[in-house]
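Examining the three-dimensional arrangement
Residue strings, one per chain:
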Amino acid sequence: QDGLKQCLAEFRQQLTWVERLDVTLGPVADPVSQSASTSDAVDPENDFQREMSFYRQAQAAVLEALPRLRKLQVPTRRPDDYFAEMAKSDQQMQKIRQKLKSKQEAMERSEKAKQLRAMRKYGKKVQVEILQRRQKEKKNMLNAVKKYQKGLSDKLDFLDEEQTSSQGNKKGNASQRTKKGPNAKRRYKNQKFGFGGKKKGSKWNTKESFNDVSSFQSKVAHNKGPGKGGRGGKAGKKALNKRPGKRARQKMKNRAR
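No experiment lies behind these values; they were computed from the predicted model shown. Along each chain, numbering runs from 1 in the same order as the chain's sequence is written. pLDDT decides what is reported in this predicted model: residues at 70 or higher carry local features, side-chain atom pairs at 80 or more are listed and counted, and totals for whole chains, interfaces and linings draw on all residues regardless. Hydrogens and waters are ignored; side-chain quantities use all the structure's heavy atoms.

Here the focus is unusual backbone geometry. With a phi close to 55°, Leu21 is a non-glycine residue in the positive phi region. Counting from the N terminus, the helices are the DSSP runs of H or I reaching at least four residues and the strands are the DSSP runs of E reaching at least two. As for its position among the elements, Leu21 is in the loop between α2 (17–20) and β1 (29–30). To sort residues, take the accessible area from a 1.4 Å probe on protein chains only and compare it with the maximum for the residue type: under 20% means buried, over 50% means exposed, and anything in between is partly exposed. Under the relative-accessibility criterion, Leu21 is labelled partly exposed at 49%. Positive phi values are uncommon outside glycine, yet Gln73 reaches one of about 60°. For Gln73, a relative accessible area of 74% translates into the label exposed.

Given the number of residues in a helix, its expected span is that number minus one, multiplied by 1.5 Å. The first and last C-alpha atoms of helix α3 (residues 47–71) sit 37 Å apart over 25 residues, in line with the 36 Å expected at 1.5 Å per residue. Every buried residue of α3 is listed here: Ser53, Arg56, Ala60, Ala61, Ala65 and Leu69. Polar contacts here mean pairs of N or O atoms no more than 3.5 Å apart (in protein, one a potential hydrogen donor and the other a potential acceptor; neighbouring residues in sequence count only if both atoms are side-chain atoms). The N-terminus of α3 is capped by Asn46, whose side-chain oxygen sits 3.2 Å from the backbone nitrogen of Phe48. Taken from the residues just after α3, Gln73 is the one with a positive phi, measuring 60°.

On to the pattern of salt bridges, then. A pairing counts as a salt bridge when a side-chain nitrogen of Lys or Arg comes within 4 Å of a carboxyl oxygen of Asp or Glu. Tallied over the full model, the rule gives 2 salt bridges. Between Asp47 and Arg50 there is a salt bridge, and its shortest N-O distance comes to 2.8 Å. Separated by 3 residues within a single helix, Asp47 and Arg50 lie in helix α3, roughly one turn from each other.

Each aromatic ring pair is characterised by the separation of its centres together with the angle its planes make. Each Phe, Tyr or Trp ring, with Trp reduced to its six-membered ring, pairs with another whose centre is within 6.5 Å; inter-plane angles below 30 degrees give stacked pairs, above 60 give edge-to-face pairs, and intermediate values give tilted ones. Applying the stated criterion across every chain yields a total of 0 aromatic pairs. Charge-over-ring placement is defined geometrically: NZ (Lys) or CZ (Arg) within 6 Å of the ring centre, and within 35 degrees of the ring normal. The ring of Trp17 carries Arg68 above its face, with NZ or CZ at 3.9 Å from the centroid.

Bringing a positive patch on the surface into the picture now. Patch criteria: residues need more than 30% relative accessible area and no salt bridge. Like-charged residues are merged within 9 Å; nonpolar side chains of Val, Leu, Ile, Met, Phe, Trp and Tyr are merged within 5 Å. Computed by Shrake-Rupley with a 1.4 Å probe, the accessible areas treat only the displayed protein chains as cover when residues are assessed. The positive count covers Lys and Arg only, the negative count covers Asp and Glu only, and His and the chain ends enter neither. To locate a charge, take atom NZ for lysine, CZ for arginine, CG for aspartate or CD for glutamate. On the surface, Lys114, Arg117, Arg120 and Lys121 cluster together into a patch of positive charge. In this fold, Lys121 is placed in helix α4 (residues 90–150). Among the residues examined, Lys121 registers a relative accessible area of 65% and is labelled exposed.

Quick look at the side chain of Ser53 now. Note that Ser53 resides in helix α3. By relative accessible area, Ser53 is classed as buried at 11%. Of the polar contacts made by the side chain of Ser53, one reaches the backbone oxygen of Arg50; its length is 2.6 Å. Ignoring anything within four residues of it in the chain, the contact list for Ser53 reads Pro27 and Val42. Any two residues whose heavy atoms approach within 4.5 Å are treated as being in contact.

The predictor attaches a confidence to each residue, called pLDDT, with possible values from 0 through 100. In the predicted model, the protein chain carries a mean pLDDT of 78, and 74% of its residues have values of at least 70. Mean pLDDT across the elements of the protein chain bottoms out in strand β2 (residues 35–36) (51) and peaks in α3 (91).

Moving on, we come to the environment of Ser110. Locating Ser110 in the fold gives a position in helix α4. Within the local environment of Ser110, its side chain forms a polar contact with the backbone oxygen of Met107, the two atoms lying 2.8 Å apart.

As structure tokens, this is what we get:
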């Protein structure tokens, strides 16, 4: 104990209070009981009482120290334009942001992968159910056919069911086609070849078409129009540039010799 007191005397420095700022007080009075709670009244095992005693002791120290600081004209409030530099550098904060971003992206990727797996599992389940239903229908139809062949049954209901199902599928496909409409290739073929029906005799003249002469053009009919013969037409050019026959070419070769 003497050694501890000697060390304390060596540590103690005779400085003014503004240099030391030490305040040692008991807890402030409890507003409920209007009395200062002693250390014996606080249960150390009770977290709430223990923290409240610390809080009231700090409150008492503040109430004692603030007036003394104001008397000494020591500012106790931070100015509005006060700038405090961060403890961590910008490079370290950038690394932290990149790490958080990478974690978020990884979480998003894993969530998307989970959704894709769930969708695939659901699609596979639906496909399996459809295949099982088709196999069951096929098995039932084969059993009905065997019974009919052996003479155990004289009903052909399975054929009616098959026809109704096929008709339903055809109707569904036809409705889909009418909704979607023909594609460009089909429209071109329809325009070029028609929509079926009678083809033979479709270009024969009738009484009305025979008497209709509104589209008659005399120049075209008598080869007087452009491109229909004559001296300046294409036919004239073709006649001028016509290749001679084989005998004429052979005679020309003989003359040249």
